[in-house]
Structure formats: C-alpha cells, structure tokens
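Structure at a glance
Given next are the chains, with one letter for each unit.
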Amino acid sequence: MVRVAVVRFPGSNCDEDARRGAEQSGAEAYFVWHRDTSLQGADVVVLPGGFSYGDYLRSGAIARFSPVMQAVQAHAAAGGSVIGICNGFQILCEAHLLPGALMRNAGLTFVSKPVDCMVERTDTVFTWAFERKTPVRIPVAHGEGRYVADAETLARLEGEGQVVLRYLKSSPGTEGNPNMSSNDIAGICNAAGTVVGIMPHPERVVDPKLGSADGLLFMRSLAGVRALAGVGK
Amino acid sequence: MTYRVHVRVMPRAGLLDPQGQAVEHALSALGFAETRTVHVGRAVEIEVDAKSRDEAEARARLMCDRLLANPVTEDYQVEVEAD
C-alpha cells in the first residue's frame, strides 16, 4: 500500500480533505506535523492547501523553513514524490523545488469557484491515472495564484512539457484563467514528473455527492504511484 | 553594536502590479490627477547586532536573499541607519 504523508502546517485547512481523498483511493494516508523531522517512510508527500503561517511575508515563504521541509527536500532529491496543492504549490515554489512564483491574482480578489482545466501531462505522480489529455472541472480557492516566471523558465516549462494543468479559456460556465497566470498555467512539475504543484483543489471533488468527482483520478494517481514504472517510487 | 536596518522590497519593474494599479486608480479618483504610477511594496525594519555597518548590511542582504524577498518577483534595497 502506498504511504501518503500529508504535512500539517499551522494554518493548513485542506489537510483532512487530502488525507481522506488519498485514503479513499486506496492509500495509507497519515498526517505529519510541520515540526516533525521524519516522513515516516512516506512514498508520497502532500503539502496541502490553506494559509500556512497566516501567509505572512509571502504565501509559503515561512513554511518553507519548517523543520519537516528538510525531510521533504531530501525526499524530493532522492526522486521521491511530492505534491503541492494551492498553498502547497506556493511552498514548493518558495522552496525552489519548482521554478517560478505565485503572485497576487490580477483582479486582487480571492477567487473561489470551479474552473475548467486541461490535464496536459499524464506521466506525473499526480496525473498518471488520466490516460490522455483530459478536461476537468475542479475548484480554485486562492488570492495568490498568478503563476509568474521569467521568459526563459516559461519557455523551458513549455518545451519540456512541464505544464501539468492549464486553465481552459472560454469554457461555458467559467471565465477561463481566473488570475492571469502566465500561459494560463494552473500547475507544473519538475522534469521527472515526481514533484507536482497545482493551484486547483482536486481533493475537494472526489465524490459525486459533493457535485463532482473530477478530482478522483488525481487522488488515484497519487495513491497508486507504485503502479507506474519510472514515476515516483 | 546594534544597527537599525531598513529593508525595502518592491515588485520587480515590468511585472504586473495589480495592487499598485488599484491604489493608482484610487488616487486618481480622489482627484490626485498628477498621479502617474504607483507601486506597492513592503518595508521591513530589523535591529541587528554587528561589528560594523558593513557587516550589518551584508547580513541584511543575506536575510533578503534567503527570506525577505522572492528573487523571482521582487527587488530589494537595504539601508543601515547612521551610527
């Protein structure tokens, strides 16, 4: 059984959803406190959404220096799987595990609504259960989700296929890119596809009773990482 | 010796600064028609113990590089108050 460690920072608030989603998808999922120094043999680490340390200074800037992040860095460096959702994505960028940064939404408001996205890359720890490029409708809930990187980094991300999730333009019922992210980027990964960060929240839509189960294949991906040769452990 | 260090962190020129734009519009609406551009950043004041002003400045720059500014999106200036 795949072991999924969900890191709890002070201010995390999507931790329970992430743990539950992973468990429901067949993983053994448990919490790790931000002061812990061990990931307890995790195969996959999830940095969940929320407002770690009150978003003081910049989102994710302080969480990056939590004791547990040393273990997360080491896990990632050894090829281990790390997934950041929303605030977790911000932390991954601040920790330089992913390139670029997430800035204040162009509209300045907190955006909380379902958005349509395209799963662009399907050989990552978080998307391999999608067999091909697939449109999904999942919620975003963030004030700072505008992905920014220098031109060279953006070109590399596009050239190497490191854009995992992209906001779909002009889809009925949504307005496309909710924050004016560069290249409509909603999520990216490292070259190997073992470290993935996305702004939308698939862990919130894993049950049709909640209105949609479009997030299920993301959770099944992380819960079944071992099934995919070459990605993760 | 204790030095007071003023750090100014600003969004990098050329990047969209929606906060600056919003303040700019508000100033115009208030009748400050002379307003051309506004940028909103962050000020951090730090008291540090150091052997010299140069050392205080060097340490503050390291603090900026490691935590206070995001090298992808922000630039910073460091000023050490006179002894």
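Residues numbered from 1 in each chain as written. Chains lettered and ligands numbered in written order. Predicted model: local features only at pLDDT ≥ 70, side-chain atom pairs only at ≥ 80, totals over all residues.

Assigned secondary structure in chain B consists of two helices and three strands. Along its sequence from the N terminus, chain B presents helices and strands in the succession β-α-β-α-β. Compactness check: chain B gives a C-alpha radius of gyration of 16 Å against a globular reference of 12 Å for 83 residues, more than 25% above the reference. By principal-axis analysis of the C-alpha atoms, chain B measures approximately 50 × 30 × 15 Å. A burial count over chain B gives 16% of its 83 residues as buried. Sequence-distant contacts, at least 24 apart, represent 66% of the contacts inside chain B between residues at least 6 apart. (Helix = DSSP H or I, 4+ residues; strand = E, 2+ residues; numbered from the N terminus. Rg over C-alpha atoms; globule rule 2.2 N^0.38 Å. Buried ≥ 20, exposed ≤ 12 C-beta atoms within 10 Å, placed from the backbone. Contact = placed C-beta atoms within 7 Å.)

Moving on to the sheet that holds strand 3 (residues 74–80) of chain B. Within a sheet, adjacent strands bond to each other through the backbone by hydrogen bonds, running parallel or antiparallel. Residue and element names in this part refer to chain B. Spatially, three strands are ordered 2-1-3 in an open sheet, and the strand pairing comes out antiparallel. Of all the strands in the sheet, just strand 2 (42–49) and strand 3 have a single pairing partner and so form its edges. Across the sheet, the axes of successive neighbouring strands diverge by a mean angle of 25°, strand direction being ignored. Where strand 1 (residues 2–11) meets strand 3, seven bridges bridge the pair, whose relative direction is antiparallel. Among the inter-strand pairings, Met10 is bridged to a residue of strand 3, identified as Asp75. Strand contacts of helix 2 (residues 53–68): strand 1, strand 2 and strand 3, with the helix running at about 160° to strand 3, the strand carrying the most contacts. (Pairing = 2+ DSSP bridges. Axes fitted to C-alpha atoms, helices over the stretch in contact; angles between N-to-C directions.)

All names here are of chain A. Burial within helix 3 (residues 87–94) is extensive, with eight of its eight residues counted as buried. Contacts from the buried residues of helix 3 go to strand 3 (44–47), strand 4 (81–85), strand 5 (101–103) and strand 11 (195–198). After helix 3 finishes, the residue His96 shows a positive phi value of roughly 60°.

Residue-level pLDDT values for chain B average 94, and 99% of them are 70 or greater. Here the predicted complex carries an ipTM of 0.84, next to a pTM of 0.92. (pLDDT = per-residue confidence, 0-100.)

Residues and elements named next belong to chain A. Taking strand neighbours across the sheet as the criterion, the nine strands line up as 2-1-3-4-11-10-9-6-7 in an open arrangement whose pairing is mixed. Whereas interior strands pair on both sides, the edge strands pair on one side only; in this sheet they are strand 2 (28–33) and strand 7 (134–142). Geometrically, the sheet is characterised by an average inter-axis angle of 20° between neighbouring strands, direction not taken into account. Pairing analysis gives three bridges linking strand 1 (residues 3–8) to strand 3, with the strands arranged parallel. The residue of strand 3 that forms the bridge with Val6 is Val46.

The next thing to look at is the interface of chain A and chain B. With eleven residues of chain A in contact, the opposing surface of chain B contributes nine residues. Considering only residue class, the side of chain A that touches chain B consists of eight nonpolar, one polar and two charged. (Nonpolar A, V, L, I, M, F, W, Y, C, P; charged D, E, K, R; others polar.)

Turning our attention to unusual backbone geometry. All names here are of chain A. With phi around 50°, Tyr53 is a residue other than glycine that occupies positive phi space. Relative to the elements of secondary structure, Tyr53 occurs in the loop between strand 3 and helix 2 (67–77). Looking at Tyr53, the number of C-beta atoms within 10 Å reads 20, which means it is buried. Backbone geometry places Leu108, a non-glycine residue, at a positive phi of 70°. You can call Leu108 exposed: it has 12 C-beta atoms within 10 Å.

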